[in-house]
Amino acid sequence: MTPTIMRQLWSVVETAQAKLLLQLDDANLVQWLVKQTETQVFLDSNQSDYLCHYIQSRLALIRDIAHERQCS
């Protein structure tokens, strides 16, 4: 995964409504984040698959970030 894709993903996480990130189940959250990232950068199928796995491995962190934003 390129640094551009990674930056874009985390930008999506930071700008998304915390409530949305916390409401979606894991599978839908992964798909939503991938789709939002794809609107900003082109992803081939390998990059998309890798991004899905990367997001799945970071779901707890993403939800923690969203929860912190919602509480503050």
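Going by the structure above, here's the rest.
Please read these numbers as outputs of a predicted model, since none were measured by experiment.

### Some thoughts on the overall build of the protein
For step 1, the next point in the chain: For the protein, the count of helices and strands is 5 helices and 0 strands.
For step 2, the next point in the chain: In the protein, the succession of helices and strands from N to C terminus is α-α-α-α-α.
For step 3, the next point in the chain: The C-alpha radius of gyration of the protein comes to 12 Å, within 12% of the 11 Å expected for a compact globule of 72 residues.
For step 4, the next point in the chain: With the C-alpha coordinates of the protein rotated into their principal frame, the extents come out at 35 × 20 × 15 Å.

### Description of the packing of helix H3 (residues 26–38) against helix H5 (residues 59–71)
For step 1, the next point in the chain: Where H3 contacts H5, the two axes come as close as 12 Å, and the packing angle between them is 85°. It follows that H3 is roughly perpendicular to H5 by the angle criterion. Two secondary-structure elements touch here, H3 through Asp26, Leu29, Val30 and Leu33 and H5 through Leu59, Ile62 and Arg63.

### Some points on H5
For step 1, the next point in the chain: Its 13 residues give H5 an end-to-end C-alpha distance of 18 Å, which sits within 8% of 18 Å, the value for a rise of 1.5 Å per residue.
For step 2, the next point in the chain: In this structure, the buried residues of H5 make contact with helix H1 (3–15), helix H2 (18–23), H3 and helix H4 (45–57).

### Looking at the nonpolar core
For step 1, the next point in the chain: Ranked by internal contacts, the top residues of the largest apolar core, which has 21 residues, are Leu9, Val13, Leu21, Leu33, Leu51, Ile55 and Ile62.
For step 2, the next point in the chain: Listed by contribution, the elements that provide at least two residues to this core are H1, H2, H3, H4 and H5.
For step 3, the next point in the chain: Per-element tally for this core: the top contributor is H1, with 5 residues.

### As for a nonpolar patch on the surface
For step 1, the next point in the chain: Side chains of Met1, Met6 and Tyr50 sit close together on the surface and give an oily, nonpolar patch of about 260 Å² of accessible area.
For step 2, the next point in the chain: Counting through the fold element by element, methionine 1 comes out in the segment before H1.
For step 3, the next point in the chain: Taking relative accessible area as the criterion, methionine 1 reaches 32% and is therefore assigned partly exposed.

### Quick notes on the side chain of arginine 63
For step 1, the next point in the chain: Topologically, arginine 63 is positioned in helix H5.
For step 2, the next point in the chain: With residues near it in sequence (within four places) discarded, arginine 63 still touches Leu21, Leu22, Leu24, Asp25, Asp26 and Leu29.

### Some details on the packing of H1 against H4
For step 1, the next point in the chain: Look at H1 against H4: their axes get within 12 Å of each other, and the N-to-C directions meet at 50°. Here H1 is positioned oblique relative to H4, judged by the angle of their axes. Handedness of the H1/H4 crossing: right-handed. Residues Ile5, Met6, Leu9 and Trp10 of H1 pack against Gln47, Leu51, Tyr54 and Ile55 of H4.
For step 2, the next point in the chain: When grouped by side-chain class, the residues that make up the contact of H1 with H4 number 7 nonpolar, 1 polar and no charged.

Analysis parameters
Residues numbered from 1 in each chain as written. Predicted model: local features only at pLDDT ≥ 70, side-chain atom pairs only at ≥ 80, totals over all residues. Heavy atoms only, no water. Helix = DSSP H or I, 4+ residues; strand = E, 2+ residues; numbered from the N terminus. Rg over C-alpha atoms; globule rule 2.2 N^0.38 Å. Axes fitted to C-alpha atoms, helices over the stretch in contact; angles between N-to-C directions. Parallel < 35°, antiparallel > 145°, perpendicular 65-115°, else oblique. Contact = heavy atoms within 4.5 Å. Expected span 1.5 Å × (residues − 1). Core = buried A, V, L, I, M, F, W, Y, C linked by side-chain atoms within 4.5 Å. Buried < 20%, exposed > 50% of the residue type's maximum accessible area, 1.4 Å probe, protein only. Patch = residues over 30% accessible without salt bridge, like charges linked within 9 Å, V, L, I, M, F, W, Y side chains within 5 Å. Areas by Shrake-Rupley, 256 points an atom, 1.4 Å probe, with all protein chains shown as cover. Salt bridge = Lys/Arg side-chain N within 4 Å of Asp/Glu carboxyl O. Left-handed = near helix turned anticlockwise from the far one by under 90°. Nonpolar A, V, L, I, M, F, W, Y, C, P; charged D, E, K, R; others polar.

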